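Structural overview for review
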Amino acid sequence: MKKYLTSSEYCLGIRCPSLLWKSRNADGAPSLLSERTLIKLHHRCALEKYRELISDCLHINSDSCTEAKKETDAAIGRGALCISGATFISGDLCARCDVIKRRSDGTYALYVVKAAAHLHQTVCHDASFQVYVLAKNGIRVSRVFFVKLNTGYVQGESDPKELFLLENISARVASLVGGVEGRAGNMQKLMSKSEMPQTPIHNGCFAPSDCENRDICFAHLPKDNIFTLSGISHQIKFKLYRSRRYNVGDVLREGGLTPRQKKQLEMFEQGLPPEIDRENIEKFLSQIKYPIAYLDFETMQLPFPPFEGLRPFEPCAFQFSLHVKEKPGKRLRHTSFIARPGTDPRRAIAEALVESIPKKGSVGAYNMQLERMMLLSLANRFEDLRESLVSISNRLFDMMKPFEKNWYYDGGMKGACSLKAVLHALYPDDSSLDYRRLQGVHNGQEATNVYAALSSAPGRFPEEKEILSELEKYCALDTLALDKLYEKLSEAVREKKPKKKAKKAV
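Since we're looking at a predicted model, the values are computed, not measured.

Turning next to the state of the cysteines. Inspection of the entire model under this criterion finds one disulfide. Unpaired in terms of disulfides, C205 finds its nearest cysteine sulfur in C16, a separation of 6.0 Å. C211 carries a free sulfur, and the closest cysteine sulfur to it, the one in C16, is 5.3 Å from it. Residue C211 is classed as buried on the basis of its relative accessible area of 10%.

Structural data, given as structure tokens:
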């Protein structure tokens, strides 16, 4: 069967030629953790929901480009005014349109449906590819609309017709159509190569999110390269990269750093001991009371609010991990909760929190805004649990604070104060605290992606049970890490403070 270049592949090629080559030539389907897997699921769902709102629209469902093209030609020949899945072929290019509508002047309006609330340039490239292929088939597109999600929509309260909004992107798309032929031709040549092309590091490696090819494309760089540094502008990093300067020392020699940044990088490069503000750390720790409960949520932000009262992309907690230390020296007690994908987790998670978290003592989180937001959201929803959930929220303390305020700074943090950066810097040789040892989920974005994928198609993935187990291990490591940071801060305060030199008598 002939393989055509599709609009989705064209957009991959715009982002990164290597990513396009891998999508066509690498063995196997994208991982469930892959950004592409989740986006594909959500966009498919968006189109299905939008089609439900359109009356008298013919749907072409054939997976084959050639068969779908025949059905499209027949539908247009019969005078169909609205077609979903209309497919057009030009040479080696195949464009499958979400929705096209015939206008009174004989031209067409193209509707590009995405599970997104804001316009990204990728949408315009997608549409430009379609407009180009349609033009080659004698179909003139005079209007292009981006069908996006309305973040003001509330599930169970708003009219279903209010879920989508239209944005006219005709002018932006028109400016890109002229370049489609050349870009598509280059992509076709690239995909026929026997080996993946070596693509220089560029903005597409980081945006709209970290590329799944990064480990491959960054393999030639030293372990502690310029792109692992936090707080340094991409402008400085790319300037150094283009001149083949990849090391931390190169950043120091380049200049353009704040005094604080310069000091942090010098500490890393020279292996200097941590800078510790014991006075402020001692004040911070004095406010923490036993029993200490360390709490971490994992949330999903689905484009289509699955439960009553939610808006598109509104966070909804589906999992928590809790480690409790009753008193100094006592062993940690661990409790966890994870909802079955496809079910509303809010009542169950609220009850589990109230039952598991001690009624007194402090509750620690890292960058605690999310934990506070989730607790108060649940409190507002469940009147009978409000008092207990608000009490938990009021007892929160942020373990990130000493590191964010630079009261404890280790050169190994490389300018970052994220939980993983701090934990790795303070416990570099403790393999039990290394997220890389986990088999499946290694970071919060992966946790969100994989659970969202499971929730979008409950029961569809045979590895669901294994994935849920991996999510629990990941979340448990987050709360174990909080106790380890508490121990390190306590240890720093206990260390003997350097004596001040006595003043000489006058």
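Summed over the entire model, instances satisfying the criterion amount to 22 salt bridges. Here R24 makes a salt bridge to E9, at a shortest N to O gap of 2.8 Å. With R24 in helix α2 (residues 17-25) and E9 in helix α1 (residues 7-15), this residue pair connects regions lying 15 residues apart in the sequence. Judged by relative accessible area, R24 falls into the buried class, the value being 17%. Judged by relative accessible area, E9 falls into the buried class, the value being 14%. In this structure, E279 engages K283 in a salt bridge whose closest nitrogen and oxygen atoms are separated by 3.8 Å. With E279 and K283 both in helix α12 (residues 278-286), this residue pair falls four residues apart, about one helical turn. Connected through salt bridges with shared partners, the residues K239, R245 and E254 form a single ionic network.

A separate point is the side chain of S455. You can see S455 is positioned in helix α18 (residues 444-456). Excluding residues within four positions of it along the chain, S455 makes contact with M300, L302, P341 and G342.

A few words now on the sheet that holds strand β5 (residues 93-96). The three strands lie next to each other as β1-β5-β4, forming an open sheet whose pairing is mixed. Because the sheet does not close on itself, it has two edges, and the strands there are β1 (5-6) and β4 (87-90). One ladder, built from two bridges, connects β1 with β5; its direction is parallel. Note that in β5 the partner of T6 across the bridge is C94.

This brings us to the packing of helix α13 (residues 346-356) against helix α14 (residues 369-381). Closest axis-to-axis distance for the α13/α14 pair is 10 Å, and the angle between their directions is 110°. As judged from the angle between their axes, α13 and α14 are roughly perpendicular. Where α13 approaches α14, its residues R346, I349, A350 and L353 are matched on the opposing element by L375, L378 and R381. Here the contact of α13 with α14 is built from residues that sort into five nonpolar, no polar and two charged.

Among the structural elements, Q130 can be located in helix α5 (residues 121-136). Q130 gets classed as buried once you look at its relative accessible area, which sits at 2%. Placed 290 residues apart in sequence, Q130 and K420 show a C-alpha to C-alpha distance of 42 Å. Beyond its immediate chain neighbours, meaning those up to four positions away, Q130 contacts S7, A95, R96, C97, D98, L110 and V112.

Turning our attention to the nonpolar core. In terms of nonpolar packing, the biggest core is built from 82 residues, with L389, M399 and L471 touching the most fellow members. Looking at this core element by element, the count peaks at twelve residues for helix α19 (residues 464-494). Leave out the neighbours within four places in its chain, and L471 touches F318, Q319, I338, V441, A447, V450 and Y451. L5, A68, I100 and A127 belong to the second-largest nonpolar core, a separate cluster that totals 45 residues.

It is worth spelling out the packing of aromatic side chains at this point. Applying the stated criterion to the full structure yields 16 aromatic pairs. Taking the centre distance of 5.8 Å and the plane angle of 65° together, the rings of F227 and Y241 count as edge-to-face. Within this pair, whereas F227 is found in the loop between α8 (214-217) and α9 (234-242), its partner Y241 is found in helix α9, the two being separated by 14 residues in sequence. Using a relative accessible area of 8% as the deciding quantity, one classes F227 as buried. For Y241, a relative accessible area of 11% translates into the label buried. Look at Y241 and Y246: their rings are 5.7 Å apart centre to centre, the planes differ by 40°, and that puts the pair in the tilted class. The same class applies to Y241 as to Y246, namely buried.

What counts and what doesn't
Residues numbered from 1 in each chain as written. Predicted model: local features only at pLDDT ≥ 70, side-chain atom pairs only at ≥ 80, totals over all residues. Heavy atoms only, no water. Disulfide = S-S within 2.5 Å. Buried < 20%, exposed > 50% of the residue type's maximum accessible area, 1.4 Å probe, protein only. Salt bridge = Lys/Arg side-chain N within 4 Å of Asp/Glu carboxyl O. Helix = DSSP H or I, 4+ residues; strand = E, 2+ residues; numbered from the N terminus. Contact = heavy atoms within 4.5 Å. Pairing = 2+ DSSP bridges. Axes fitted to C-alpha atoms, helices over the stretch in contact; angles between N-to-C directions. Parallel < 35°, antiparallel > 145°, perpendicular 65-115°, else oblique. Nonpolar A, V, L, I, M, F, W, Y, C, P; charged D, E, K, R; others polar. Core = buried A, V, L, I, M, F, W, Y, C linked by side-chain atoms within 4.5 Å. Phe/Tyr/Trp six-rings, centres within 6.5 Å; stacked < 30°, edge-to-face > 60°.

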